[in-house]
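Spelled out, the chains give:
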Amino acid sequence: FVHPDLGIGGAERLVVDAAVGLQSLGHSVVMYTSHHDSKHAFAETADGTLKVKVHGDFFPRSIFGRLHILFATIRGVYLAIVMVMFEPRYDVL
């Protein structure tokens with residue numbers, strides 16, 4: 001699964017539930033994100049139930065409270081590039 005900012009929210013809950021469901025069926029699941037704070041995340045992503053890989057967290061979220069969308073896009077593009085170039089190939093992405 002790919003999620004831009006794996007924190008606590010409705011979309012995140014749906015993605016985590018789907019990933020845990022697939023794991024319970026015997027699938028290997030990896031969550032990719034550009035930001036994950038284990039202190040502000042669902043237990044499944046913080047306690048190791050789901051494998052979470054973070055790429056691009058070194059980019060700022062904004063500059064002086066501005067340019068949030070630009071930096072979210074940059075982080076997402078960086079995450080996609082790293083996944084294509086350096087991560088193993090998966091059956092489903």
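Please read all numbers here as calculations on a predicted model, not as lab measurements.

A. Region of the structure containing the sheet that holds strand β3 (residues 51-54). The three strands are arranged β1-β2-β3 in an open sheet whose pairing can be described as parallel. Each having just a single partner strand, β1 (2-3) and β3 make up the two edges of the open sheet.

B. Inspection of the pairing of strand β2 (residues 30-33) at higher detail. Residues V30 and Y32 line one face of β2 and the alternating positions M31 and T33 line the opposite face, and both faces are buried. The pairing of β1 with β2 spans two bridges and is classified as parallel. Bridging across to β2, H3 finds its partner in T33.

C. Focus on a nonpolar patch on the surface. Taken together, the side chains of I63, F64, L67, L70 and I74 present a nonpolar region at the surface, about 510 Å² in accessible area. Under the relative-accessibility criterion, I74 is labelled partly exposed at 30%.

D. A look at the nonpolar core. L6, V15, V16, A19, V29, M31, F42 and L50 form the largest nonpolar core, which has eight residues in total. Sorting elements by how many residues they give to this core places helix α1 (residues 10-24) first, with three residues.

E. Representation of helix α3 (residues 68-86) in the model. With 19 residues, α3 extends 27 Å between its outermost C-alpha atoms, agreeing within 8% with the 27 Å of an ideal straight helix rising 1.5 Å per residue. Every buried residue belonging to α3 is among F71, R75, L79, V82 and M83, and all of these are buried. Buried residues along α3 cover an arc of 110° about the axis, so they all sit on one side. Along α3, the residues that are exposed and aim more than 90 degrees away from the buried face are I69, V84 and M85.

F. Region of the structure containing α1. Its 15 residues place the ends of α1 21 Å apart at the C-alpha level, agreeing with the 21 Å of an ideal helix rising 1.5 Å per residue. Here α1 has its buried residues at E12, V15, V16 and A19. Taken down its axis, α1 places every buried residue within 95° of arc, on the same side. Seen from the open side of α1, the exposed residues pointing more than 90 degrees away from its buried face are G10, L14 and S24. Where the residues of α1 are buried, they touch β1, β2 and α2 (43-46). Taken from the residues just after α1, G26 is the one with a positive phi, measuring 100°.

What counts and how
Residues numbered from 1 in each chain as written. Predicted model: local features only at pLDDT ≥ 70, side-chain atom pairs only at ≥ 80, totals over all residues. Heavy atoms only, no water. Pairing = 2+ DSSP bridges. Helix = DSSP H or I, 4+ residues; strand = E, 2+ residues; numbered from the N terminus. Buried < 20%, exposed > 50% of the residue type's maximum accessible area, 1.4 Å probe, protein only. Patch = residues over 30% accessible without salt bridge, like charges linked within 9 Å, V, L, I, M, F, W, Y side chains within 5 Å. Areas by Shrake-Rupley, 256 points an atom, 1.4 Å probe, with all protein chains shown as cover. Salt bridge = Lys/Arg side-chain N within 4 Å of Asp/Glu carboxyl O. Core = buried A, V, L, I, M, F, W, Y, C linked by side-chain atoms within 4.5 Å. Expected span 1.5 Å × (residues − 1). Arc of directions from axis to C-beta. Contact = heavy atoms within 4.5 Å.

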